[in-house]
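These are the residues of each chain, in order.
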Amino acid sequence: MADQYNIHEEKYVNESHTKEIDLVNRDPKQINEDVVKVDFEDVIAEPDGTHSLDGVWKASYTTFTVSKYWCYRVLSAVFGVPVALIWGFLFACISFCHIWAVMPCIKSCLIESQCLSRIYSLCIHTFCDPLFEALGKVCSNVRVVVRKEV
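Position labels on residues start from 1 in each chain and follow its written sequence. Totals for whole chains, interfaces and linings use every residue, but because this is a predicted model, local features are given only for residues with pLDDT of at least 70 and side-chain atom pairs only at 80 or more, for both listing and counting. The basis for every side-chain value is the complete set of non-hydrogen atoms in the structure, without hydrogens or water.

J.: Which residues make up the overall build of the chain, and what values go with them?
T.: For helices the rule is a DSSP run of H or I covering at least 4 residues; for strands it is a run of E covering at least 2, with both sets numbered from the N terminus onward. Of the regular secondary structure elements, the chain holds 3 helices and 0 strands. For the chain, the sequential pattern of α-helices and β-strands runs α-α-α. Only protein chains enter the accessibility calculation, which uses a 1.4 Å probe; a residue whose area is less than 20% of its type maximum is buried, one above 50% is exposed, and one in between is partly exposed. The burial tally for the chain puts 1% of its 150 residues in the buried class. Areas reported here follow the Shrake-Rupley algorithm with a probe of radius 1.4 Å; residue values treat only the protein chains shown as occluding. Split by element, the accessible area of the chain, about 14,700 Å² in all, is 66% carbon and sulfur.

And the structure:
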């Protein structure tokens, strides 16, 4: 049974490192839906009464679209892998710090605060409960009457 568990665990580890990527839908979680999606109409617009020549407008549209497309492709080809390496390293460091430093510190603080909260609770119940119970009994006989006189 232990061997079966190890095989299943090993299979899961291998699958997580070699999963297929979708080359069509490259933003399946739509994290860049509103941020980077910029078209010609979002940047350049001519109001009524101020129009350039139709040929200039078409050439501007084509120039903008093609230059944006190819500039992104060249930049991603040149810098994509090094930047991915840097981001991978950064997120690995963040994960390492979270797993080996942050969570143990949080767990330690929770353990210590649980001990302190029990001492605090004991003090409150010992000193404050009798005081407030006595004040409650004193004030329980107070009657307030509101009258409206005309």
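J.: Please give an account of the UniProt feature "transmembrane region" (unreviewed entry) in the chain that cites residues and values.
T.: UniProt positions are given in the numbering used here, feature names are shortened, and annotations may be inferred rather than shown by experiment. As annotated by UniProt and renumbered to match this structure, "transmembrane region" (unreviewed entry) occupies residues 74-101. As a span, residues 74-101 carries 100% helix and 0% strand, and end to end its C-alpha atoms are 40 Å apart.

J.: A description of the environment of Ser 113 should follow, citing residues and the corresponding values.
T.: Examined against the element boundaries, Ser 113 turns out to sit in helix α3 (residues 54-139). The class of Ser 113 is partly exposed, set by a relative accessible area of 35%. For Ser 113, the side chain forms a polar contact with the main-chain oxygen of Leu 110, separated by 3.0 Å. Polar contact is the term for a pair of N or O atoms within 3.5 Å; when the atoms are in protein, one must be able to donate a hydrogen and the other to accept it, and sequence-neighboring residues count only if both atoms are side-chain atoms.

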